[in-house]
Amino acid sequence: MSSVTERLRYIKEQLPGDVTLVAVSKLHPVEAIREAYEAGQRDFGESRAQELSQKAPAMPSDVRWHFIGHLQTNKVRQVVPHVTLIHSIDSLRLLHTINDESAKIGRITDVLLQVHVAQEETKFGFSPAELIDNFTNEWTPASTPAVRVRGVMGMASLTDDENRIESDFSEIARIHHHLATTIFAEDSSFDTISMGMSDDFHLAISAGSTMIRIGTDIFGPREY
Ligand SMILES: *Cc1c(COP(=O)(O)O)cnc(C)c1O
């Protein structure tokens, strides 16, 4: 299996119909993205603001761009005009900045709340307790009318221990369920659980993922 087209087809065959595949194209050239596009792929993920703002104009306008990396507030303006979904909300300040920028250009931006459950210290995201506390006590939908919170995003620990990976994904799904039945109970669009990457997407889907983010298995290794 060598081509992007073949690898994409191979992954698609393994996915339940209700799981969205985001092809993570960060650090891969537009030619590779175009090959995936020709094969029917429309959802692509990028993790750097500048890279996204350069690639987006080079691709057809029906591409759905996902922003999956850590987003600094001073880069929000570069990202908002291009994105379908920002997966990586990790502070209320960022949410407000995205709201203000979206309002300014007359858009509603869909976002996910990034929750940190992995054992590594370095990953971004709210802790489960922080997430629930922040959104219970310091946020109302009316405070950010130009964003729509669609669900949660998370990553499992970097480990070979499948039990740990499974429990991380279950925890993310549990947090989604908790929020969906409390703070977001009135909001049927709070329906997305973004979890699962090349090495662990089967476990993520078993745990309830509705959206997986696959880079390496589609485009091959990235050159940093
Ligand atoms: C790079 C990246 C991915 C894709 O990882 P692969 O292991 O190449 O599939 C998924 N999610 C996030 C947040 C990423 O930064």
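Residues numbered from 1 in each chain as written. Predicted model: local features only at pLDDT ≥ 70, side-chain atom pairs only at ≥ 80, totals over all residues. Heavy atoms only, no water.

Section: the packing of helix α6 (residues 128-137) against helix α7 (residues 162-181)
Then, in step 1: It is at 11 Å that the axes of α6 and α7 come closest, and there the two elements cross at 15 degrees. As summarised for this structure, α6 and α7 are arranged roughly parallel, according to the angle between their axes. Where α6 crosses over α7, the handedness of that crossing is right-handed. Between α6 and α7, the contacting residues are Pro128, Leu131 and Ile132 on the first element and Glu171, Ile175, His178 and Leu179 on the second.
Then, in step 2: The residue inventory of the contact of α6 with α7, partitioned by class, reads five nonpolar, one polar and one charged. (Axes fitted to C-alpha atoms, helices over the stretch in contact; angles between N-to-C directions. Helix = DSSP H or I, 4+ residues; strand = E, 2+ residues; numbered from the N terminus. Parallel < 35°, antiparallel > 145°, perpendicular 65-115°, else oblique. Left-handed = near helix turned anticlockwise from the far one by under 90°. Contact = heavy atoms within 4.5 Å. Nonpolar A, V, L, I, M, F, W, Y, C, P; charged D, E, K, R; others polar.)

Quick notes on the pairing of strand β5 (residues 109-116)
Then, in step 1: Counted residue by residue, β5 has eight buried out of eight residues, so it is predominantly covered.
Then, in step 2: Residues Thr109, Val111, Leu113 and Val115 line one face of β5 and the alternating positions Asp110, Leu112, Gln114 and His116 line the opposite face, and both faces are buried.
Then, in step 3: Pairing analysis gives three bridges linking strand β4 (residues 83-89) to β5, with the strands arranged parallel. The residue bridging Ile86 from the neighbouring strand is Val111, located in β5. (Buried < 20%, exposed > 50% of the residue type's maximum accessible area, 1.4 Å probe, protein only. Pairing = 2+ DSSP bridges.)

A few points about the site of the ligand
Then, in step 1: Residues in close proximity to the ligand include Val24, Lys26, Ile68, Met155, Met197, Ser198, Arg213, Ile214, Gly215, Thr216 and Arg222, which together make up its full environment.
Then, in step 2: Thr216 has a polar side-chain atom sitting 2.5 Å from an oxygen atom of the ligand.
Then, in step 3: Protein burial of the ligand: of its 390 Å² of free accessible surface, 89% is covered by the chains.
Then, in step 4: For the shell around the ligand, the per-class residue count stands at five nonpolar, three polar and three charged. (Near = heavy atom within 4 Å. Polar contact = N/O pair within 3.5 Å; in protein donor to acceptor, adjacent residues only side chain to side chain. Areas by Shrake-Rupley, 256 points an atom, 1.4 Å probe, with all protein chains shown as cover.)

Describing a negative patch on the surface
Then, in step 1: Among the surface-exposed residues, Asp160, Asp161, Glu162, Glu166, Asp199 and Asp217 lie close enough to one another that they form a single negatively charged patch.
Then, in step 2: Within the element layout of this structure, Asp199 appears in the loop between β7 (192-194) and α8 (201-206).
Then, in step 3: The exposed category is assigned to Asp199, whose relative accessible area is 79%. (Patch = residues over 30% accessible without salt bridge, like charges linked within 9 Å, V, L, I, M, F, W, Y side chains within 5 Å. Salt bridge = Lys/Arg side-chain N within 4 Å of Asp/Glu carboxyl O. Lys, Arg positive; Asp, Glu negative; His and termini not counted. Charge placed at Lys NZ, Arg CZ, Asp CG, Glu CD.)

Side note on α6
Then, in step 1: Within the span of α6, buried status applies to Leu131, Asn134 and Phe135. When α6 is viewed along its axis, its buried side chains cluster within an angular range of 85 degrees and face the same direction. Of the exposed residues in α6, the ones pointing more than 90 degrees away from its buried face are Ala129 and Asn137. (Arc of directions from axis to C-beta.)

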